[in-house]
Amino acid sequence: MSTQPFEHHPYVERLKKLNEQYPERSEFHARSGEILQEMGADNAFLQTVIRRNFDDQGYLDQQWSLYNIPFLYIYECNDFYLKIHFFPAMQNYRPGQAAHCIHHHNNYILTTAAIYGSGYETMLFDKQVDIDEKTLETRMRVAKHFTQQEHPVHTIDAWEPHVVYMPSAWSSTLQLWTPDKKRSTDGLRSNPVLKALKMPLRKLIYLCGLEKSMGIAAAKTYQWYPEGKHFKAILEDEYFGPTRAAKGPDVDLWSMQNVFIFIQRKGLVDNAYLQELRNRPNTPSCYLPWIDMILNDQEIPLTWHRDEINIPGKTYRSEDVYRAAGMEALRTF
């Protein structure tokens with residue numbers, strides 16, 4: 001997508017200035033939280049974000065899958081990018097039920113700002129993870145356990161394992177991502193020629209053992225889940241296989257339902273713009289039922305998170321994590 005519409009927006013300019021002032025990424029993230037909160041509270045800005053996405057053919061052509069967290073783009077450059085993510089709750093909510101496996105974001109640092117809804121509960125782990133490559137049994141330790149109501153803005157470091165537990169109510173967050181350090185190779189991510197050669201280049205980088213210095217994921221990337229008195233690793237590609245394959249009209253409809261829930265419940269409705277969007281010949285069919293409901297003053301029903309994930313036990317809870325870590329709970333909810 002083109003970043004031009006927000007290239008000189010005051011919020012983006014402030015982030016770009018911080019980016020130049022604080023090349024150390026952790027310092028940049030620490031100083032960005034206030035701007036993220038301002039963005040999330042500024043409905044006029046969020047309306048502009050919505051129009052920017054719906055006016056972009058790349059976003060309209062987005063092929064959704066259940067692997068994608070439904071999102072809106074805001075801005076992207078070589079040093080950082082911004083998105084809004086949406087998190088459905090469970091239909092039969094139970095505190096402390098995991099939304100997915102324990103994972104990290106490789107060499108990316110993420111700062112999250114809660115901007116609508118209850119926010120979710122999360123748990124961070126020590127970066128030291130000991131995996132038995134034969135049995136895949138893993139040792140991990142919980143470092144922190146909190147909710148977004150307690151910490152509306154928080155940062156997850158590169159390589160820091162963490163897990164999100166289901167929110168009690170439908171929620172959305174604003175997300176700021178950066179690599180863990182500025183590298184001379186960062187600009188290559190957006191090079192169209194190198195994108196076409198992505199897999200051969202990645203294999204060459206692995207062969208030379210340069211993945212960390214180049215800032216890419218390891219050849220084997222694991223996620224984890226509790227199993228009795230230990231954790232078990234699962235290859236990321238195996239874990240995500242079913243959700244990456246889950247595509248089609250129903251998934252498109254569900255994904256856009258989340259986007260329009262945000263528009264309606266956050267108070268971002270612009271009826272004239274939505275009517276114009278409704279009349280465009282290139283507006284995807286998965287947008288239309290939700291536009292019609294808004295224009296007819298009908299409340300869009302909430303979406304719900306799936307109850308099962310792709311692990312042997314199909315789900316797990318925070319107490320299972322503490323049991324596997326051999327720890328007393330840091331807190332209860």
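Cut-offs and rules
- Residues numbered from 1 in each chain as written.
- Predicted model: local features only at pLDDT ≥ 70, side-chain atom pairs only at ≥ 80, totals over all residues.
- Heavy atoms only, no water.
- Helix = DSSP H or I, 4+ residues; strand = E, 2+ residues; numbered from the N terminus.
- Buried < 20%, exposed > 50% of the residue type's maximum accessible area, 1.4 Å probe, protein only.
- Contact = heavy atoms within 4.5 Å.
- Areas by Shrake-Rupley, 256 points an atom, 1.4 Å probe, with all protein chains shown as cover.
- Polar contact = N/O pair within 3.5 Å; in protein donor to acceptor, adjacent residues only side chain to side chain.
- Axes fitted to C-alpha atoms, helices over the stretch in contact; angles between N-to-C directions.
- Parallel < 35°, antiparallel > 145°, perpendicular 65-115°, else oblique.
- Left-handed = near helix turned anticlockwise from the far one by under 90°.
- Arc of directions from axis to C-beta.
- Core = buried A, V, L, I, M, F, W, Y, C linked by side-chain atoms within 4.5 Å.
- Salt bridge = Lys/Arg side-chain N within 4 Å of Asp/Glu carboxyl O.
- pLDDT = per-residue confidence, 0-100.
- Expected span 1.5 Å × (residues − 1).

**Points about the overall build of the chain**
Next, step 1: On a plain count of helices and strands, the chain comes out with 12 helices and 12 strands.
Next, step 2: Considering the chain as a whole, with its 333 residues, one finds that 48% of them fall into the buried category.
Next, step 3: For the chain, restricting intrachain contacts to residue pairs at least 6 apart in sequence, the fraction spanning at least 24 positions comes to 76%.
Next, step 4: Accessible surface computed for the chain: about 16100 Å², of which carbon and sulfur atoms make up 51%.

**Digging into unusual backbone geometry**
Next, step 1: The backbone phi angle of Trp159 is positive, close to 65°, even though this residue is not glycine.
Next, step 2: Of note, Trp159 is situated in the loop between strand S8 (153–156) and strand S9 (162–165).
Next, step 3: We note that Asp297 has phi near 60°; this positive angle belongs to a residue other than glycine.
Next, step 4: As for its position among the elements, Asp297 is in the loop between helix H11 (288–295) and helix H12 (318–325).
Next, step 5: Using a relative accessible area of 72% as the deciding quantity, one classes Asp297 as exposed.

**Topic: the side chain of His104**
Next, step 1: Looking at where His104 falls in the secondary structure, it is placed in the loop between strand S2 (81–87) and strand S3 (108–116).
Next, step 2: A distance of 3.0 Å separates a polar atom in the side chain of His104 from the backbone nitrogen of Asn106.
Next, step 3: Other than its neighbours up to four places away in sequence, His104 contacts Trp159, Glu160, Pro161, His162 and Trp224.

**Regarding the packing of helix H3 (residues 43–54) against helix H9 (residues 249–265)**
Next, step 1: At their nearest, the axes of H3 and H9 sit 11 Å apart, and the two run at 150° to each other. Judged by the inter-axis angle, H3 sits roughly antiparallel to H9. As for how H3 packs across H9, the hand of that crossing is left-handed. Note on element contacts: H9 touches H3 through Met256, Val259, Phe260, Phe262 and Ile263, opposite Leu46, Ile50 and Phe54.

**Topic: H12**
Next, step 1: Within H12, the full set of buried residues consists of Ser318, Val321, Tyr322, Ala324 and Ala325. Down the axis of H12, the buried side of the element spans an arc of 160°, and every buried residue falls inside it.
Next, step 2: Elements in contact with the buried residues of H12: strand S4 (121–125), strand S7 (142–147), S9, strand S11 (222–227) and strand S12 (230–235).

**Focus on the nonpolar core**
Next, step 1: Within the largest apolar cluster, 48 residues are counted, with the highest numbers of intra-cluster contacts made by Phe54, Leu82, Ile84, Met256, Phe260 and Tyr287.
Next, step 2: For this core, the element with the highest residue contribution is H9, accounting for 7 residues.
Next, step 3: If near-sequence neighbours (up to four positions away) are discounted, Phe260 is found in contact with Phe54, Leu274, Tyr287, Trp290, Ile291, Ile294 and Ile300.
Next, step 4: Membership of the second largest hydrophobic core comes to 25 residues, among which are Val163, Tyr222, Phe240 and Ala324.

**Structural notes on the pattern of salt bridges**
Next, step 1: Here the structure, examined in full by the defined rule, presents 15 salt bridges.
Next, step 2: One salt bridge connects Asp237 with Arg244, and the closest N-O pair in it is separated by 3.0 Å.
Next, step 3: Under the relative-accessibility criterion, Asp237 is labelled exposed at 58%.
Next, step 4: In this structure, Glu299 and Arg265 form a salt bridge, with 3.3 Å as the shortest nitrogen-oxygen distance. Of this pair, Glu299 sits in the loop between H11 and H12 while Arg265 sits in helix H9; the two residues are 34 residues apart in sequence, bridging distant segments of the chain.
Next, step 5: According to the relative accessible area criterion, Arg265 is partly exposed, its value standing at 28%.
Next, step 6: Each of Glu7, Glu13 and Lys16 takes part in one network of salt bridges that share partners.

**Some thoughts on the packing of helix H1 (residues 10–21) against helix H2 (residues 25–41)**
Next, step 1: The contact between H1 and H2 brings their axes to 9 Å, and the two run at 165°. Between H1 and H2, the angle is such that the two are roughly antiparallel. The handedness of the crossing between H1 and H2 comes out as right-handed. Of H2, the residues touching H1 (which contributes Tyr11, Val12, Arg14, Leu15, Leu18 and Asn19) are Arg25, Phe28, Arg31, Ser32, Ile35, Glu38 and Met39.

**Some words on the confidence of the model for the chain**
Next, step 1: Confidence in the prediction of the chain, expressed as mean pLDDT, is 91, and 87% of residues score 70 or more.
Next, step 2: Under a pLDDT of 50 for its full length, residues 201–206 has, in the predicted model, 12 contacts with residues more than four places off or in other chains.

**Here's the deal with the environment of Leu60**
Next, step 1: Within the secondary structure, Leu60 is located in helix H4 (residues 57–60).
Next, step 2: Relative accessible area serves as the criterion here: at 7%, Leu60 is assigned to the buried category.
Next, step 3: When residues no more than four places from it in sequence are discounted, the contact partners of Leu60 are Phe54, Asn282, Pro284 and Tyr287.

**Thoughts on H1**
Next, step 1: For H1, spanning 12 residues, the distance from its first C-alpha to its last is 16 Å, which sits close to the expected 16 Å at 1.5 Å a residue.
Next, step 2: Those residues of H1 not exposed but buried are Tyr11, Val12, Leu15, Leu18 and Asn19. Here the buried residues of H1 occupy an arc of 120° about the axis, which is enough to place them on one side. Away from its buried face by more than 90 degrees, H1 exposes Pro10, Lys17 and Glu20.
Next, step 3: Elements that come into contact with the buried residues of H1 comprise H2, H3, strand S1 (71–76) and S2.

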